[in-house]
Amino acid sequence: MILKGQKRKLPPEDAAAQTPAEWEGQRQLVLHISLHKYQHGQELAEPSLRRSVLIANTLRRITLEASRAAAVAAAAERDGGTPAPPLRSKENAAPGVAAPHRRPAVTAHDGPPAAAVGDASPSPDQQQQPPPPHHHQHGGASGRHQAGVGAAPDACMEGDSEDWESMSSDPDFSLSAAISSILTSLECSIDGSHGGVPAPPPPPRTPLRSLENLAAAAAAAPEGEGAAKQQQQQQQGARGSCWGGWERAEESSRATDGCVELMRSSYLGDLALDDLFQDIDTSLLERELGVLGARGEGHPSGEELLRYLPSLSSSSSSSSATPSSLSFSSSASPFLSFNQSLWCLPSFSSFNPSTAPSTSSSSSFFSFSSPPLSSFPGPGLGLARDGLELDHLTEVLVES
Amino acid sequence: MLSPIQVLCSDITSLSLEPEPFASYTEADIISTVEFNHTGELLATGDKGGRVVIFQREPEGKTEPFSQGEYNVYSTFQSHEPEFDYLKSLEIEEKINKIRWLPQQNAAHFLLSTNDKTIKLWKVSERDKRPEGYNLKDEEGRIKDISTVTSLQVPVLRPMDLMVEVSPRRVFANAHTYHVNSISVNSDCETYMSADDLRINLWHLGITDRSFNIVDIKPANMEDLTEVITAAEFHPFHCNLFVYSSSKGTLRLCDMREAALCDKHSKLFEEPEDPSARSFFSEIISSVSDVKFSHSGRYLLTRDYLTAKVWDLNMENKPLETYQVHDYLRSKLCSLYENDCIFDKFECAWNGSDSVIMTGAYNNFFRMFDRNTKRDVTLEASRESSKPRAVLKPRRVCAAGGKRRKDDIGVDSLDFSKKILHTAWHPAENIIAIAATNNLYIFQDKLNSEMH
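Remember, it's a predicted structure, so these values are computed and weren't measured experimentally.

Conventions and cut-offs
Residues numbered from 1 in each chain as written. Chains lettered and ligands numbered in written order. Predicted model: local features only at pLDDT ≥ 70, side-chain atom pairs only at ≥ 80, totals over all residues. Heavy atoms only, no water. Helix = DSSP H or I, 4+ residues; strand = E, 2+ residues; numbered from the N terminus. Buried < 20%, exposed > 50% of the residue type's maximum accessible area, 1.4 Å probe, protein only. Contact = heavy atoms within 4.5 Å. Areas by Shrake-Rupley, 256 points an atom, 1.4 Å probe, with all protein chains shown as cover. Pairing = 2+ DSSP bridges. Axes fitted to C-alpha atoms, helices over the stretch in contact; angles between N-to-C directions. Polar contact = N/O pair within 3.5 Å; in protein donor to acceptor, adjacent residues only side chain to side chain. pLDDT = per-residue confidence, 0-100. Core = buried A, V, L, I, M, F, W, Y, C linked by side-chain atoms within 4.5 Å. Expected span 1.5 Å × (residues − 1). Salt bridge = Lys/Arg side-chain N within 4 Å of Asp/Glu carboxyl O. Phe/Tyr/Trp six-rings, centres within 6.5 Å; stacked < 30°, edge-to-face > 60°. Parallel < 35°, antiparallel > 145°, perpendicular 65-115°, else oblique. Left-handed = near helix turned anticlockwise from the far one by under 90°. Nonpolar A, V, L, I, M, F, W, Y, C, P; charged D, E, K, R; others polar.

Student: What should I look at first to understand the overall build of chain A in this one?
Tutor: Within chain A, the secondary structure is distributed over 17 helices and 0 strands. A total of 400 residues make up chain A; the buried ones form 59% of that total. Relative to all contacts within chain A whose residues are 6 or more apart in sequence, the contacts with residues 24 or more apart total 75%.

Student: When you look at the overall build of chain B in this model, what are you seeing that I'm missing?
Tutor: The helix and strand inventory of chain B stands at 2 helices and 32 strands. Counting only residues that meet the buried cut, chain B has 54% of its 452 residues in that class. Partitioning the contacts of chain B with sequence separation of at least 6, the portion at a separation of at least 24 is 53%. Surface exposure of chain B reaches about 20,300 Å², of which carbon and sulfur atoms provide 51%.

Student: Just to check I follow, could you spell out the side chain of R50 of chain A for this structure?
Tutor: One can find R50 of chain A in helix 2 (residues 49–78). Residues in contact with R50 of chain A, not counting those within four places in the same chain, are V228, T230, S287, F343, D344 and K345 of chain B.

Student: What am I meant to see in the sheet that holds strand 25 (residues 356–360) of chain B here?
Tutor: Strand pairing within a sheet occurs via backbone hydrogen bonds; the two strands may be parallel or antiparallel. All names here are of chain B. What the 4 strands build is an open sheet, ordered 24-25-26-27; its pairing is antiparallel. With partners counted over all chains shown, the strands left at the sheet margins are strand 24 (348–350) and strand 27 (376–380), one partner each. Sheet twist, expressed as the mean angle between neighbouring strand axes with direction ignored, is 20°. By the bridge criterion, 5 bridges tie strand 25 to strand 26 (residues 365–370) in an arrangement that is antiparallel.

Student: How do you make sense of the side chain of S113 of chain B when you look at a structure like this?
Tutor: Residue and element names in this part refer to chain B. For S113, the position within the fold is in strand 9 (residues 109–114). By relative accessible area, S113 is classed as buried at 0%. Within polar-contact distance, the side chain of S113 engages the side chain of S79 at 2.7 Å. Once residues lying within four places of it in the same chain are set aside, the contact partners of S113 are S79, H80, I96, K98, I99, T118, I119, K120, W122 and I183.

Student: Is there a simple way to explain the confidence of the model for chain B in this structure?
Tutor: A low pLDDT means the predicted coordinates there should not be read in detail. Residues and elements named next belong to chain B. Per-residue confidence for chain B gives a mean pLDDT of 88; residues scoring 70 or more make up 90%. When the criterion is pLDDT under 50, residues 9–21 qualifies, and its contacts beyond four places in sequence or with other chains add up to 20 contacts. The ipTM, which scores confidence in the relative placement of chains, is 0.89 for this predicted complex, and the corresponding pTM is 0.63.

Student: What exactly am I supposed to notice about the nonpolar core here?
Tutor: Generally speaking, soluble globular proteins have nonpolar side chains that are buried together. Counting 44 residues, the largest nonpolar core has F281, Y305, L329, Y337 and I342 of chain B as the members making the most contacts within it. For this core, the secondary structure elements donating two or more residues are helix 1 (20–41) and helix 2 of chain A together with helix 1 (282–286), strand 21 (299–303), strand 22 (307–312), helix 2 (333–338), strand 24 and strand 26 of chain B. Leave out the neighbours within four places in its chain, and Y305 of chain B touches I285, S287, H326, L329, L333, L336, C341, I342, D344, F346 and Y362 of chain B.

Student: Is there a simple way to explain the environment of E190 of chain B in this structure?
Tutor: All names here are of chain B. Considering the arrangement of structural elements, one finds E190 in the loop between strand 12 (182–185) and strand 13 (191–195). According to the relative accessible area criterion, E190 is partly exposed, its value standing at 45%. Residues within four places of E190 in sequence aside, it is in contact with W203, H204 and L205.

Student: Help me out: how do you make sense of the environment of V53 of chain B in this one?
Tutor: Residues and elements named next belong to chain B. Turning to its location among the elements, V53 is positioned in strand 4 (residues 51–57). A residue is classified by how much of its surface remains accessible, and V53, at 10% relative accessible area, is buried. Separated by 26 residues in sequence, V53 and S79 place their C-alpha atoms 9.6 Å apart. With sequence-adjacent residues up to four places away left out, V53 is seen in contact with L43, A44, T45, V73, S75 and T76.

Student: Is there a simple way to explain the sheet that holds strand 10 (residues 119–132) of chain B in this structure?
Tutor: All names here are of chain B. The 4 strands are arranged 8-9-10-11 in an open sheet whose pairing can be described as antiparallel. What marks the edges here is a single partner per strand, and that holds for strand 8 (98–101) and strand 11 (156–172). Here the average twist between neighbouring strands, direction ignored, is 25°. Inspection of the sheet shows strand 9 paired to strand 10 by 6 bridges, in the antiparallel sense. Pairing of L112 across the sheet is with L121, part of strand 10.

Student: Please explain helix 2 of chain A as it appears in this structure.
Tutor: Counting along an α-helix, one turn takes 3.6 residues, and residues three or four places apart therefore face a common direction. In this model helix 2 of chain A runs 43 Å from its N-terminal to its C-terminal C-alpha over 30 residues, within 8% of the 44 Å that 1.5 Å per residue would give. Extensive coverage of helix 2 of chain A is indicated by the burial of 23 of its 30 residues.

Student: For this particular structure, what's the right way to read the pattern of salt bridges?
Tutor: If the charged atoms of two oppositely charged side chains come close together, the side chains can form a pair. For the structure shown, the criterion picks out 34 salt bridges over all chains. Of the charged contacts, one joins K37 of chain A and D340 of chain B as a salt bridge, the two residues approaching to 2.7 Å between their closest N and O atoms. Residue K37 of chain A is found in helix 1, and its partner D340 of chain B is found in the loop between helix 2 and strand 24; the two belong to separate chains. Its salt-bridge partner being E132 of chain B, residue R130 of chain B comes within 3.6 Å of it at the nearest N-O pair. Sharing partners across several salt bridges, the network here consists of R61 and E65 of chain A together with E273 and R278 of chain B.

Student: Teacher, can you tell me more about the packing of aromatic side chains here?
Tutor: Here a ring pair, both rings aromatic, is described through the centre-centre distance and the interplanar angle of the planes. Residues and elements named next belong to chain B. All chains considered together, the criterion is met by 18 aromatic pairs over all chains. Note on F281 and Y337: the rings are 5.1 Å apart at their centroids and 55° apart in plane angle, and the pair reads as tilted. A residue pair is termed long-range when its members are at least 10 positions apart, and F281 in the loop between strand 19 (267–269) and helix 1 and Y337 in helix 2 qualify at 56 residues. Accessibility classification places F281 together with Y337 in one group, the buried group. For the pair Y337 and F343, a centre-to-centre distance of 6.0 Å together with 55° between the ring planes defines the contact as tilted.

Student: Any chance you could explain the packing of helix 1 of chain A against helix 2 of chain A here in plain terms?
Tutor: To describe two helices that pack against each other, one gives the angle between their axes and the distance between the axes. Residue and element names in this part refer to chain A. Where helix 1 contacts helix 2, the axes come no closer than 10 Å and their chain directions differ by 150°. What the angle tells us is that helix 1 and helix 2 run roughly antiparallel. Relative to helix 2, the crossing made by helix 1 is left-handed. Contacts between helix 1 and helix 2 involve W23, R27, V30, L31, S34, L35, K37 and G41 from the first element and R51, I55, T58, L59, I62, E65, A66 and A69 from the second. In terms of residue class, the contact of helix 1 with helix 2 is built from 9 nonpolar, 3 polar and 4 charged.

Student: Would you explain the environment of E58 of chain B in this entry?
Tutor: All names here are of chain B. Secondary-structure assignment places E58 in the loop between strand 4 and strand 5 (71–78). In the structure, E58 is positioned 14 residues away from N72 in sequence and 7.1 Å away in space, judged by C-alpha atoms. What E58 contacts, discounting residues up to four positions off in sequence, is G69, E70 and N72. Here the side chain of E58 touches N72 through a polar contact of 3.1 Å, side chain to side chain.

Student: Could you clarify how one ought to interpret the pairing of strand 20 (residues 290–293) of chain B in this entry?
Tutor: Regular strands have side chains that alternate between both faces of the sheet. Where burial is concerned, the two faces of strand 20 of chain B agree: the one with D290 and K292 of chain B and the one with V291 and F293 of chain B are both buried. Here strand 20 of chain B hands over to strand 21 of chain B after 5 residues, with G297 of chain B in that stretch at a positive phi of 80°.

Student: What is the right way to read the confidence of the model for chain A from this model?
Tutor: Residues and elements named next belong to chain A. With 14% of its residues at a pLDDT of 70 or more, chain A has an overall mean of 50. Of all secondary-structure elements in chain A, the lowest mean pLDDT belongs to helix 15 (residues 333–349), at 38, while helix 2 reaches the highest, 88. Confidence drops under pLDDT 50 across residues 192–278; counting only partners more than four residues distant or on other chains, this segment forms 239 contacts.

Student: Looking at this model, I keep getting lost on the pairing of strand 23 (residues 321–324) of chain B. Mind explaining?
Tutor: Residue and element names in this part refer to chain B. Side chains E321 and Y323 of strand 23 all project onto a buried face; the interleaved residues T322 and Q324 project onto a face where none is buried. Of the pairings in the sheet, the one linking strand 22 to strand 23 comprises 4 bridges and is antiparallel in character. Bridged to K309 within strand 23 is T322.

Student: Sorry, what's going on with unusual backbone geometry here?
Tutor: Phi is mostly negative for residues that are not glycine, and the peptide bonds are mostly trans. All names here are of chain B. The phi torsion at C189 lies on the positive side, around 60°, for a residue other than glycine. Mapped onto the fold, C189 is located in the loop between strand 12 and strand 13. Of note, the phi angle at K374 is positive, near 60°, even though the residue is not glycine. Inspection of the secondary structure assignment puts K374 in the loop between strand 26 and strand 27. Accessibility expressed as a relative area gives 49% for K374, which makes it partly exposed.

This is the structure we're talking about:
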């Protein structure tokens, strides 16, 4: 928890007496502590929902204040009030409200800065072939989406992109999405998954190396739970494993320092991937499918993932397992099923390879993870738990 | 002027009041709840190991005016056992979260005890007579040889050594997905409620296979969860009213006559946040850890991390009185967040006449606030300072940089592992029970033994 080479001092906690730098320092400190707490919260002897909720709310509050500060800084830079900063703050300022719009807004905000970061980020991102295209595409998609939501993004984003300092607040936007997954995994642990299993030793979790290093703990818990729960047909488990597995897939193509990119791409990549794969040659499909089916425990790297994903899309479209619970139009079905396969892929990776041949396993995990619409597990869209998120996806698909 | 009358430690056999080198205790001995019954004659404690120990006050001796009733062990029993939920792969702790006594209606005493998931109704009864002189069996219970019976006798009841029998009468299980944090018996003596993090259920004491859900704050989407229920209590004499507190610092008074599901509150008690005192931890420290109705039913006492507040039921927008319990911790919130102390849930208590409130703090300190004189005192529950008949000396914590007197303790010297979370006040007299980790301290105000 030492901030990058600084000797850690506890800054004065009297808000009035703090300079902005001290405030920022404390903010970072509390942020790191909160993330660390969440990460290890599942290992507590007495997992407490109240404690987890309070930590999540604190994280939200920190990201809110950061966004406000960044927006103010950006507005100041531009020397002219756009309606964006207050609007953005307002959008983020409803933590307690069930506001589906909030999540898309948050993720949308990440798009253009992501693009900027993707451009500006140095060598660690060599392996990140998928993400930059993600980001560009995503920026476009999210731009459209932002228009739909009513945010005024672009001005703010550009301001952010110019300043790395304010860019450091971007992870916090992604953190809002992280928080949503925190709470989902909370439900997993309380409602009946496997959080805090003391007696049987937890199955060896595939460490999300970059995620855990960055204390982006939200991924770790559901991911671990997913590994343990693969045999149980519970949608929370599916949700957690879907989400966590998606993280796993992304992880191998990430640099350790890519907290920003990591969370952004993992949370938001889905939105762009359907755009990305529009014109992938599906002739790879049949050949690859069998390989994919056999890879029970495999964690495809980003590149492999991309190669396999188109194979899934065709097979899915041919399989009848399109969940009717998703009310997408049939014209969008290739992309629809592609997205499903995207979502379902992580759980697939945790499946026992010996149990089923590839096709049936792909359909089996469709049925595995096709609960009613309102609770469909959308992993990378850790946010995509409500119908409105899926409606948004429809909009994106149609536009693409 | 409080004097210790007893220090009862977890090792029940050695009720020595001499200060001893601090014996090691097991985690299971940590006291997790303390509750007097409605007359104050009985005091029940629950611990982390699932045991309940009931103390009974000895009647005052006439000869020695100062040997006012000590509390002796009346009964010990294992209330809850550790369980394992196979479906969810979760261990269910046997720690007793709350004990509540039922008003006494016959010779037996009844109490409710709960762990995270299951509530149990226990009957505590005495047996001090037994029948002797059966015709068909002898004193040991063996069947007599008929040929030896020459005459008939009527069995008579003869006194025997007092035996306290505790038996489980009801088990109220499988109604809570989340951890039960409160139970409260209704004034109608027929129903009670149990509250977990997201739901409150209403039970009938006689029916174990059914309960009614009266409050449900679980959002449709768990991602939207930002608030949990932290405590709940029925009004002391209006059987339709109850209050529950939340982690966001709000209190909701609900009327069960309004609707079957009381999600919509009748009154919402919330103090607006002080903008000058905002910090990252504002919400955490505003989380209400305990709520208690006054005996008069007019006021509410709440405890959040740094303060205790008295609310008037007729005024929702701000508390009537706010008492700073340990404001010197305000500058330490970040460290307390780091070591998790900021999540400690302190309880609070009224005295019998609602003139004094009490709550615990760190370093085995506890605080009492007189509402009328506005005076407050900090006392310590420790073996060294608790010799019998000694008078407890007020303690003072000096904030960093403040004037320091002898015997003051600095904020940085406080022991945050010694916390007094559970306290109880006798319903009629100035006797208090303080749970300090594995020790139970009972103090009495000798000079002012009656309420005023």
